[in-house]
Amino acid sequence: MADDSNENKTTIRILCRKLLLITKSESGIQWLIGSPFLPTFTIVSTFRCINTLTSDPLSPDFSKESDDMRALLPRGFEVIGSLIVSTSNPNVEGSARDAINASGKMRKALSQLENRSLVGAVVDPSSGDIRFFVSNSVVEPVTSIVFEDHPEKYVWERGCILHCELPIKLPVYYSVKDPKGTPFSYAHLFIEKQHEIFSKFHSDAENMLKRATEAVAAKFRDPKTTYVLETVDESMTEALQPVIIQNRDYDLEDTSQKSNTKSLLCSHLCSEDRKHKSPSVENADKIQVSLFLATSGPSVKPPAPSAEYIPGEAKLLVVEYKLKVICYATKDLLLMDAISKLIIPGLVDQLHTMKNMTLPNLLSQHPKLHPYHFIPPGFLHPITAIYDSLYGETEMKQVEIRKCLHMRLGLPLDRPLLRIASAIDFLTAKEGASGNLLRKGTPLLKDVHIGIPSSGVHGGVVSLVQGSYEYYHYLQDGFDDSGWGCAYRSLQTIVSWFKIQQYTAIHVPSHREIQESLVEIGDKDASFIGSCDWIGAIELSFVLDKLLGVSCKVINVRSGDELPEKCRELAMHFETQGTPIMIGGGVLAYTLLGVDYNEASGDCAFLILDPHYTGSDDLKKIVNGGWCGWKKAVDSKGKHFFLHNKFYNLLLPQRPNMV
């Protein structure tokens, strides 16, 4: 890491693993994200600007961009600059000024109004490098760039997560008669009249929803509103009492009346044990914030009673929201400031975002909106996406929303990374998005190949399965399939991979369900159900197609001696598809998790996950026993792992192209 000990030297500190989201062959702009709780010019993440003027990809639509960013970005993070990529040979220094001006306008649109120096970054067309500038009194170049070696540690050793959930019901009344008192009916009205009256009803309902929203937002700062903060970490040896903060505490001038909570920091609710865990969002200290609105009690200034009269027949529409807000705060921030500067603005932002999403279809079919938190691959902090549960995840409307999110975050457009099952629940420890439990509740081992000894291939390139899977083997779940169920177990491991990666929501099928699928498609007779008959790679391909819609590629080899010749093709599969491979044929079935291949010498090894294991799910026992490990086609003692007088079929499941 570069030395930035010179305090007078302006330094850009880069934490995000992927800074450039736009290819150098296209023009575009990216927002650089930092935090007021981190040193100035520290770039935590970058978001692609996807709302631009049609005439110019470098001119953001600040209204749409700020709406999107306000919903996505947790409080505690902010826009600190922008990066410009231009294909028209830009003037680098001029483009840096444009980048700084754009980020200043974006901060204004986001109401991030406090003065701070901003970063302008430009891809130099001559070298392809990113050049940085900052706005101090003038725009000046920066040559001191630090790429942080341990970015998670940098962010999460000093920071924590605040989390607040709040269900809200907003009543909306509107008249169902036209201005002349005639009941609203499509049957007796011309189209123009229908549209005119419906527009009036919609406008009345919109205005009432807006007023109700403003009333709730005002309640967040009402002097009688109370916030209760408590730690989420149940492993703390000493239970901490919740901290209670009332909005009226901010206005007390007599120090004798002030609660001692005035001086408490976020660290008061953080765990010292956290130092022994790897710093990350998942392991960060988390503080739960609960909000209580006072509905009774004496008022400082009693309001005059008021009522709204709607003549004639009226309808009631109840708009329901569940706000779920997360914020990032440094541990040395006052708890009172965390409420006033992070939680309350975050609640207001999300409330207004949901209101704006509801208004267009308020009377026809108003959305059922739910916020979800995600930690996308490569990101140091969570983001929030608001989905409409009226639409299923496979419907095109939801698919297009996720595609836009993938584009903004620089995520691949062929992998489902932001589906609901991938969402993080900060209040509940989860074993994994797949719900990886057997029917009897026994947790399954995941990713058992991690940390195993090396293959022994000198100078080889290792290509491995991408993502997580569960280890299925003989005798699991009290089911005796010893001697015939190895291919079934390999199939279960493969299905678990697709489930954990969010390509499917189905449960991992049992042996009987696998057999029933083969009978349903006509591959087997009805007598096959309940039998102990073997299946092979071809049957597995039929089941994957039927249950998951997954297509497969099959590689046939006449002898086990030919398998090393397929290493280049297998390595390409793991690099591009990343799915587990089933090896069938011969007399046994295995799951292949990777290859280590030296193209120059031809030396290679196969990472085998063996479903024939019959013991308990003891990771040490499995690894030491060689049930998951590197195997050479012929070992140092001349023993063949793959039989030379047997054929083999390799089933290569293809990753679906979807988000």
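The protein chain is annotated in an unreviewed UniProt entry as Probable Ufm1-specific protease of Lactuca sativa.

Participant: Where do I start with the layout of surface pockets in this structure?
Facilitator: By volume, the second largest pocket amounts to about 930 Å³. As for the second largest pocket, its lining consists of 32 residues, of which Asp 68, Thr 353, Met 357, Ile 386 and Ile 401 are closest to the centre. Among the secondary structure elements, those contributing two or more residues to the lining of the second largest pocket are helix H1 (62-72), helix H5 (335-358), helix H6 (362-365), strand E18 (383-388) and helix H7 (396-409).

Participant: Is there a simple way to explain helix H9 (residues 511-520) in this structure?
Facilitator: Owing to its 3.6 residues per turn, the α-helix brings residues three or four apart onto one side. If you check which residues of H9 are buried, you get His 511, Ile 514, Gln 515, Ser 517 and Leu 518. Taken down its axis, H9 places every buried residue within 155° of arc, on the same side. Buried residues along H9 sit in contact with helix H8 (486-500) and helix H10 (537-548).

Participant: Just to check I follow, could you spell out the UniProt feature "domain: Rhodanese" (unreviewed entry) in the protein chain for this structure?
Facilitator: The positions that UniProt labels "domain: Rhodanese" (unreviewed entry) are, in the present scheme, residues 621-639. Measuring from the first to the last C-alpha atom of residues 621-639 gives 23 Å, for a span that is 21% helix and 21% strand.

Participant: I keep staring at the sheet that holds strand E1 (residues 11-14) and nothing clicks. Help me out?
Facilitator: Think of a sheet as strands paired side by side through backbone hydrogen bonds, with each pair either parallel or antiparallel. With respect to topology, 3 strands assemble into an open sheet ordered E3-E1-E11, the strand pairing being parallel. In this open sheet, the two edge strands, each paired with only one partner strand, are strand E3 (42-43) and strand E11 (144-147). Pairing between E1 and E3: 2 bridges, direction parallel. Considered in E3, the bridge of Ile 14 is made with Ile 43.

Participant: Sorry if this is basic, but what is going on with the side chain of His 573 here?
Facilitator: Tracing the backbone through its elements, the reader meets His 573 in helix H11 (residues 567-576). A polar atom in the side chain of His 573 sits 2.9 Å from the side chain of Thr 579. Residues within four places of His 573 in sequence aside, it is in contact with Gly 578, Thr 579, Ile 581, Leu 652, Pro 653 and Gln 654.

Participant: Help me out: how do you make sense of the sheet that holds strand E13 (residues 226-231) in this one?
Facilitator: Taken together, the 5 strands give an open sheet; going across it, the order is E14-E13-E15-E12-E16, and neighbouring strands pair in mixed fashion. Each edge of the sheet is formed by a strand with only one pairing partner; in this case those strands are strand E14 (243-246) and strand E16 (314-330). Going from strand to strand, the sheet's axes swing by 20° on average, the running direction of each strand aside. For E13 and E14, the ladder comprises 4 bridges, and the chain directions are antiparallel. If you follow Leu 229 over to E14, its bridge partner there is Val 243. Taken strand by strand, H5 contacts strand E12 (159-175), E13, E14, strand E15 (285-292) and E16, and its axis lies near 140° from that of E16.

Conventions used here
Residues numbered from 1 in each chain as written. Predicted model: local features only at pLDDT ≥ 70, side-chain atom pairs only at ≥ 80, totals over all residues. Heavy atoms only, no water. 1 Å grid on protein atoms, 1.4 Å probe; cavity = no way out; pocket = protein on both sides within 12 Å on 5 of 7 lines; lining within 4 Å. Points joined across faces, edges and corners; volume = space filled by probe spheres on them. Helix = DSSP H or I, 4+ residues; strand = E, 2+ residues; numbered from the N terminus. Buried < 20%, exposed > 50% of the residue type's maximum accessible area, 1.4 Å probe, protein only. Arc of directions from axis to C-beta. Contact = heavy atoms within 4.5 Å. UniProt positions renumbered as here; feature names shortened; annotations may be inferred. Pairing = 2+ DSSP bridges. Polar contact = N/O pair within 3.5 Å; in protein donor to acceptor, adjacent residues only side chain to side chain. Axes fitted to C-alpha atoms, helices over the stretch in contact; angles between N-to-C directions.

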